[in-house]
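Structural overview for review
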Amino acid sequence: MSNNSTPPRVGFVSLGCPKATVDSERILTRLRAEGYIISPSYSDSDLVVVNTCGFIDSAVEESLDAIGEALAENGKVVVTGCLGAKGDVVKQTHPKVLAVTGPNATDEVMDAIHAHLPKPVLSHVEGLHDPYSDLVPPQGIRLTPRHYAYVKISEGCNHSCTFCIIPSLRGSLVSRPVGDVMQEAQHLVNAGVKELLVVSQDTSAYGVDMKYRTGFWDGRPLKTRLTELAQAMGGLSTSDKARAWVRLHYVYPYPHVDDVIPLMAQGIILPYLDIPFQHANARILKLMKRPASTENVLARIQQWRSICPDITLRSTFIVGFPGETEEEFEELLDFLEMAQLDRVGAFMYSPVEGAAANELPDHIPLEVQQERLGRLMQLQEEISGERLACKVGKTLQVLVDEVDEVGAIARSAADAPEIDGQVYIDDGQSLKVGDFVNVRITDSDAHDLWAELA
């Protein structure tokens, strides 16, 4: 614990998705800029911040448990994040928390911290905060490894998907100024980041709320729109003159998404598209309030692959949505057979408090949901295995994530961190984390690749 001669110490617990991770990084950056010390333990902290997730019931439970643990171990807790936007859930469960804010609320969190743990007094005494000597790095404080980072380009969402409550948690779409996004990306690359992962609630809607107005970056006009942003980010180079990887996540399937595919074919951004289709049956998609044209989706996938044959397509699907019949589920399986997606995540429908889909009739029994999820993942495992087997014998560029005496673990352009596969390099002991290297693929399974240095 701090006293009058040492800076105050703040513990931090960060839960949830990459968008929440970015929120945590912004708060941590502000804390360090004001001279607070970030503590790794409850016992050594004067106060603890818990950044929560509130999207599904299991996430709510995890967040409430984390808050309870912080209260038990420390006693002074400020809560932020999506769970904080769900009414009085936190206060009703844990009335002793000092303050509760919603997501994307850095200023409110800092106000709460200031109220209960005042800013360090500016002083030239050694060990205390001096804005002239204690500078936060330009890229800010990051929770990811040094060689990759998430860049959040907007907040909120304008859609009303019936299974989702994100608009009620994070509000309507608010895009960041394109110059600010590019400045952050440039700082990250200058600091050694090799891969920029573009995230938001709806990445392809970037700039809609601004009517795609023109901003400025590096003295040049730049439109606030995904295609122009992706092209500009793809032009950033690392210290060794290599092009930084730029990976697009959470891309809603608007027609103008077609415009970024040529950038992938040209090597400007990674040939990787994380695009949640959610289902394939038109009736279910309408109940979800999602785009409902499977034929159009399949035609677009074919078009994307004709332009960029190396494109990796990742998607997510919900099984057991209220009212889903066996025939409608089998239509989803047929779609997967035809689409031949590279990466798929699937989830059983789970009621989320406040979601419109809760009021739909004919909810599917859990055992039926589980059986359908198993069938879908078994099919997708076969598809993924076949697609990865086609890479054996090829030479790929990979980015190294880990190195030990056994070898190295890396990722290819087809692999986002934490959610996709890995590339195991048996003779990679001499490599360094963050290296770009070329490898020859020697083996594969349904998820991962094995390789040797090329």
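First, a word on what this report is: a plain description of the structure on this page. Keep in mind the model is a prediction, meaning the values are calculated, not measured.

What follows is about the environment of serine 384. Here serine 384 lies in helix 12 (residues 366-389). Assessed through its relative accessible area of 7%, serine 384 is described here as buried. For the pair formed by serine 384 and aspartate 445, sequence separation is 61 residues and the distance between their alpha carbons is 8.4 Å. In this structure, serine 384 is in contact with Asp342 and Ala446, ignoring residues within four places of it in sequence.

You can see serine 172 is positioned in the loop between helix 5 (166-170) and strand 8 (174-175). Each C-alpha atom of the pair serine 172 and serine 14 lies 23 Å from the other, and the pair is 158 residues apart in sequence. Excluding residues within four positions of it along the chain, serine 172 makes contact with Glu155, Gly156, Cys157 and Asn158.

In the structure shown here, the tally under the stated rule is 23 salt bridges. When the shortest N-O distance is used, the salt bridge between aspartate 342 and arginine 387 registers 2.7 Å. On the criterion of sequence distance, the pair formed by aspartate 342 in the loop between helix 11 (326-339) and strand 15 (343-348) and arginine 387 in helix 12 is long-range, its members being 45 residues apart. We classify aspartate 342 as buried; its relative accessible area is 11%. Note that arginine 375 is salt-bridged to glutamate 371, the shortest N-O span being 3.2 Å. Taken together, the positions of arginine 375 and glutamate 371, both in helix 12 and 4 residues apart, correspond to about one turn of that helix. Owing to a relative accessible area of 25%, arginine 375 belongs among the partly exposed residues under this scheme. Here glutamate 371 falls in the partly exposed class, since its relative accessible area comes to 38%.

The next point concerns the sheet that holds strand 5 (residues 99-100). Backbone hydrogen bonds hold the strands of a sheet together, and the pairing may be parallel or antiparallel. Strand order in the open sheet formed by 5 strands is 2-1-3-4-5, with parallel pairing between adjacent strands. Edge positions in the open sheet fall to strand 2 (37-39) and strand 5, since each of these has one partner strand only. Examined bridge by bridge, strand 4 (residues 77-81) and strand 5 share 2 bridges and lie parallel to one another. Pairing of valine 78 across the sheet is with alanine 99, part of strand 5. Packed on one face of the sheet, helix 1 (residues 18-33) meets strand 1 (9-14), strand 2, strand 3 (47-52) and strand 4 and runs near 175° to strand 1. Strands strand 3 and strand 4 of the sheet are contacted by helix 2 (residues 57-73), whose axis makes an angle of about 180° with strand 3.

All chains considered together, the criterion is met by 7 aromatic pairs. Their ring planes at 45° and their centres at 5.0 Å tell us that tyrosine 252 and tyrosine 254 sit as a pair that is tilted. Relative accessible area serves as the criterion here: at 10%, tyrosine 252 is assigned to the buried category. Relative to phenylalanine 335, the ring of phenylalanine 317 has its centre 6.2 Å away and its plane inclined at 65°; by these criteria the two rings are edge-to-face. Residue phenylalanine 317 is located in strand 14 (residues 312-319), and its partner phenylalanine 335 is located in helix 11; the two are separated by 18 residues in the primary sequence. For the pair phenylalanine 317 and phenylalanine 335, a shared accessibility class is recorded, and that class is buried. Ring pairs connect the aromatic residues Phe277, Phe317 and Phe335, which therefore count as one cluster. One residue, arginine 225, lies across the ring of tyrosine 212, its end atom 5.7 Å from the ring centre. Just above the ring of tyrosine 148 sits the side chain of arginine 411; from NZ or CZ to the centre is 5.3 Å.

Evaluation of the coordinates by the stated rule reveals 0 disulfides. Between cysteine 53, a cysteine without a disulfide, and cysteine 82, which holds the nearest cysteine sulfur, the sulfur-to-sulfur distance is 6.0 Å. Since its relative accessible area comes to 18%, cysteine 53 is described here as buried. A disulfide-free cysteine, cysteine 161 has its sulfur positioned 6.0 Å from the sulfur of cysteine 164, the nearest such atom. Cysteine 161 sits in the buried class, given a relative accessible area of 11%.

Judged by nonpolar contacts, the single largest core of 56 residues is most densely connected at Leu196, Leu273, Phe335 and Leu341. Residues contacting leucine 273, with those up to four places away along its chain left out, are Leu248, Val251, Val257, Ile261, Met264, Trp304, Ile311, Thr312, Leu313 and Arg314. Core analysis: the second largest hydrophobic core is formed by 16 residues, Val60, Leu64, Ala70 and Leu71 among them.

What you see with strand 12 (residues 245-248) is no split at all: Trp245 and Arg247 on one side and Val246 and Leu248 on the other are buried throughout. The pairing of strand 9 (residues 195-199) with strand 12 spans 4 bridges and is parallel. The residue bridging glutamate 195 from the neighbouring strand is tryptophan 245, located in strand 12.

The rules behind these values
- Residues numbered from 1 in each chain as written.
- Predicted model: local features only at pLDDT ≥ 70, side-chain atom pairs only at ≥ 80, totals over all residues.
- Heavy atoms only, no water.
- Helix = DSSP H or I, 4+ residues; strand = E, 2+ residues; numbered from the N terminus.
- Buried < 20%, exposed > 50% of the residue type's maximum accessible area, 1.4 Å probe, protein only.
- Contact = heavy atoms within 4.5 Å.
- Salt bridge = Lys/Arg side-chain N within 4 Å of Asp/Glu carboxyl O.
- Pairing = 2+ DSSP bridges.
- Axes fitted to C-alpha atoms, helices over the stretch in contact; angles between N-to-C directions.
- Phe/Tyr/Trp six-rings, centres within 6.5 Å; stacked < 30°, edge-to-face > 60°.
- Lys NZ or Arg CZ within 6 Å of the ring centre and 35° of its normal.
- Disulfide = S-S within 2.5 Å.
- Core = buried A, V, L, I, M, F, W, Y, C linked by side-chain atoms within 4.5 Å.

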